[in-house]
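Descriptive analysis of the structure
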Amino acid sequence: MATFSIENFGCRATQADAAAIAQQLLARGYTRADSHNAADVVVLNTCTVTAAADAQARDAVRHIHRANPAVQIVVTGCYAQRAPEELASLEGVTWVVGNSHQPEIPRLIEQSLSPRTAGGFVPLEQLQSGALSLERGPAKILTGDIFEQTAVAIAPVENNLGERTRPTLKIQDGCNSRCAYCVIPFVRGRSRSLAPGIVLDEIRKLVRAGAREVVLSGINLGSYGRDLFPRAELLDLLGRVLEETQLEQLRLSSIEPLDVTLDLVERVASSGRIARHFHMPLQSGSDRILRAMHRWYRTSHYARRVELIRERLPDAAIGADVIVGFPGETDDDFRATCDIVLALPFTYLHVFSFSPRPGTKAASMPDQIPLQVIQQRARELRALSVEKMAAFRASLAKRTLRVLTLHRFGDGWTEAISGNFLKVRVGGHHPANQWHEVRLTADASQAVPVVD
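Reference entry: report on the structure contained in this document. Bear in mind that the values here come from a model prediction, so they are computed numbers and not experimental data.

**A look at the overall build of the protein chain**
Of regular secondary structure, the protein chain possesses 14 helices and 18 strands. Against the compact-globule benchmark of 22 Å for 452 residues, the protein chain has a radius of gyration of 23 Å, which places it among compact chains. Its C-alpha atoms put the protein chain at 65 × 55 × 50 Å along the principal axes. In the protein chain, which comprises 452 residues, the share counted as buried stands at 54%.

**Remarks on empty space enclosed by the protein**
Overall, the coordinates contain three cavities of 30 Å³ or more when judged by the stated rule. Empty space within the second largest cavity amounts to approximately 50 Å³. What lines the second largest cavity is simply Leu 252, Ser 253, Ile 255, Val 268, Ile 274, Ala 275, His 277, Phe 278 and His 279. Take the lining of the second largest cavity: its biggest share by element is three residues, from strand β11 (residues 277-279). Partitioned by chemical class, the residues of the lining of the second largest cavity number six nonpolar, three polar and no charged.

**Some details on helix α14 (residues 371-395)**
With 25 residues, α14 extends 36 Å from end C-alpha to end C-alpha; this agrees with the ideal 36 Å at 1.5 Å per step. All buried positions along α14 are accounted for by Ile 374, Arg 377, Ala 378, Leu 381, Leu 384, Ser 385, Lys 388, Phe 392 and Arg 393. Buried-residue contacts for α14 involve β12 (317-324), α13 (331-343), β13 (348-353) and β16 (423-427).

**Some details on the pattern of salt bridges**
Within this structure, the stated rule accounts for 30 salt bridges. Linking Arg 204 and Asp 201 is a salt bridge whose minimum nitrogen-to-oxygen distance equals 2.9 Å. Note that Arg 204 and Asp 201 are positioned in helix α8 (residues 196-208) at a spacing of three residues, about one turn of the helix. Exposure remark for Arg 204: the relative accessible area of 26% places this residue in the partly exposed category. Between Arg 304 and Glu 307 there is a salt bridge, with its nearest N and O atoms 3.9 Å apart. Of the two residues, Arg 304 and Glu 307 both sit in helix α12 (residues 299-312), three residues apart, roughly one turn of that helix. Linked through salt bridges whose partners overlap, the residues forming this network are Asp 17, Lys 170, Asp 173, Arg 188 and Arg 192.

**Remarks on the packing of α13 against α14**
Two numbers describe how α13 lies on α14: the axes approach to 11 Å, and their chain directions differ by 10°. Regarding the angle of α13 to α14, the classification is roughly parallel. Residues Asp 331, Phe 334, Arg 335, Thr 337, Cys 338, Val 341 and Leu 342 of α13 pack against Arg 377, Glu 380, Leu 381, Leu 384 and Lys 388 of α14. Its residues assigned to classes, the contact of α13 with α14 shows six nonpolar, one polar and five charged.

**Side note on α12**
The terminal C-alpha atoms of α12 lie 20 Å apart, and with 14 residues this matches the ideal 20 Å at 1.5 Å per residue to within 8%. Within the span of α12, buried status applies to Thr 299, Tyr 302, Ala 303, Val 306, Leu 308 and Ile 309.

**Side note on the packing of aromatic side chains**
One pass over the full model with this rule turns up four aromatic pairs. The interplanar angle of 40° and the centroid separation of 6.1 Å between the aromatic rings of Tyr 297 and Tyr 302 together place this pair among those described as tilted. Their ring planes at 45° and their centres at 6.1 Å tell us that Tyr 302 and Phe 346 sit as a pair that is tilted. Of this pair, Tyr 302 sits in helix α12 while Phe 346 sits in the loop between α13 and β13, and the two are 44 residues apart along the sequence. Each of the two residues, Tyr 302 as well as Phe 346, counts as buried.

**Quick look at the packing of helix α9 (residues 234-244) against helix α10 (residues 262-270)**
Angle between the axes and distance between the axes are the two parameters that describe a pair of packed helices. Packing of α9 against α10 leaves a shortest axis separation of 10 Å and a crossing angle of 15°. On the basis of the axis angle, α9 is roughly parallel to α10. Helix-helix and strand crossings are classified by hand; for α9 and α10 the assignment is left-handed. Mapping the contact onto sequence places Leu 235, Leu 238, Gly 239 and Leu 242 in α9 and Asp 263, Leu 264 and Arg 267 in α10. A breakdown of the residues in the contact of α9 with α10 according to their chemical character gives four nonpolar, one polar and two charged.

**Some points on the sheet that holds β13**
Overall, parallel pairing links the three strands, which are arranged β11-β12-β13 in an open sheet. Looking along the sheet, the strands with just one partner apiece sit at the ends: β11 and β13. Between one strand axis and the next, the sheet turns through 15° on average, direction left out of account. Sheet topology note: the β11/β12 ladder contains three bridges and is parallel. Bridging across to β12, His 279 finds its partner in Gly 319. Of the strands in this sheet, β12 and β13 touch α14, which is tilted by about 170° from β13.

**Overview of the environment of Thr 48**
Among the secondary structure elements, Thr 48 is positioned in the loop between β3 (41-46) and α2 (51-67). Among the residues examined, Thr 48 registers a relative accessible area of 0% and is labelled buried. With 333 residues separating them in the primary sequence, Thr 48 and Leu 381 have C-alpha atoms 22 Å apart. Discounting chain neighbours no more than four positions away, the residues touching Thr 48 are Ala 53, Asp 54, Cys 78, Tyr 79, Arg 82, Val 183, Val 187 and Arg 357. Of the polar contacts made by the side chain of Thr 48, one reaches the side chain of Arg 82; its length is 2.9 Å.

**Examining the sheet that holds strand β7 (residues 168-173)**
Strand pairing in a sheet takes place through backbone hydrogen bonds and is either antiparallel or parallel in direction. Read across the sheet, four strands follow the order β8-β7-β9-β10 without closing on themselves; strand pairing throughout is mixed. Edge positions in the open sheet fall to β8 (192-193) and β10 (249-252), since each of these has one partner strand only. Pairing of strand β9 (residues 213-218) with β10 involves four bridges; the strand directions are parallel. Note that in β10 the partner of Val 214 across the bridge is Leu 250.

Rules of the game
Residues numbered from 1 in each chain as written. Predicted model: local features only at pLDDT ≥ 70, side-chain atom pairs only at ≥ 80, totals over all residues. Heavy atoms only, no water. Helix = DSSP H or I, 4+ residues; strand = E, 2+ residues; numbered from the N terminus. Rg over C-alpha atoms; globule rule 2.2 N^0.38 Å. Buried < 20%, exposed > 50% of the residue type's maximum accessible area, 1.4 Å probe, protein only. 1 Å grid on protein atoms, 1.4 Å probe; cavity = no way out; pocket = protein on both sides within 12 Å on 5 of 7 lines; lining within 4 Å. Points joined across faces, edges and corners; volume = space filled by probe spheres on them. Nonpolar A, V, L, I, M, F, W, Y, C, P; charged D, E, K, R; others polar. Expected span 1.5 Å × (residues − 1). Contact = heavy atoms within 4.5 Å. Salt bridge = Lys/Arg side-chain N within 4 Å of Asp/Glu carboxyl O. Axes fitted to C-alpha atoms, helices over the stretch in contact; angles between N-to-C directions. Parallel < 35°, antiparallel > 145°, perpendicular 65-115°, else oblique. Phe/Tyr/Trp six-rings, centres within 6.5 Å; stacked < 30°, edge-to-face > 60°. Left-handed = near helix turned anticlockwise from the far one by under 90°. Pairing = 2+ DSSP bridges. Polar contact = N/O pair within 3.5 Å; in protein donor to acceptor, adjacent residues only side chain to side chain.

Note that all results are geometric; they support no functional claim without further evidence.
Right, dumping it as structure tokens:
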């Protein structure tokens, strides 16, 4: 049977999509190859949140095609949904499939490995009729109106998790917000959620397959359930997971600051089974820039959420996304961002250099910031992030933590992760997906734990 490999770019939601594609191919009898060079088909699941993400995907296509000219390359994901013709023009690409039609990828691969015909846009009716034949030629495109999409793709669960120590379960997709810089709503569609019963069933399957931690993800996770009838709430779902499943640890992916309520923080604080980890996008420490971005909060709202978490959960990890170089961002605006980062107890930052995305309001705004200024500001914020993580590690020196071992290991150590998102090296070689109590060393700069 044919072999395949998958390379994923972007967020946890795209990771979940890639897992779904992989499981569908495995279910059809395909074998996962050890590398792209050994594969008959490579699926690239792309991100388009920045121009750099687009460039990374194009570079991957070129590199894979040069190394393995015979391989069939299928490009999907957010970049494929946004600009399919751009990707189809790259040498080596066989199919470009938008988010709107990802479930069709296994069928397309099946047919692309048999005789082929000319490229172009393929109506879904033709695909379903079985009348489609394919031949080597220009890349073919299959995409459609993402706003017609009503389903949330989930990955079928295997009998064992393989290397997925901490599987991601995407329970929400799409976004109804329209932040001025963000193209994601246009490539993901409207917000839509998995019904609570389906979420619980999927978590039970993951637990039976061996999962000890599951990460709940979404494009706008805090909006979970608002599209359902009857309406569901994320907080209620968390309660049901704790009460109705045997999952040992639940973790939330990124969640908007206004969705981090007192009730949510109390739920995490009162449970030993929810990871003490909050990732809340900040984007800017300037109220003027937040307003221009069409963000729904101001810095005082954001700061109060962080303070609330720290009051109830002193050891929680608190991370943030920050964008530098948004159009019109002055030195004073940037200094305001640095000031709030310094003032609040963040443990890490994800720093993004502003990149104008086609079709977004920010792409046509005046006062675009020069690239060299953006790069300098990004370097400064990343340096602050390193300082914040070092301070967090130092605060935990000699403390005992429960950690879950991962698949990464080296000479005399195994990597593991704590509930408060601290990666550490446990002395010795240990199987993945096992809990260990460890004590961090006094040398917090290295933060190397020893087994208790």
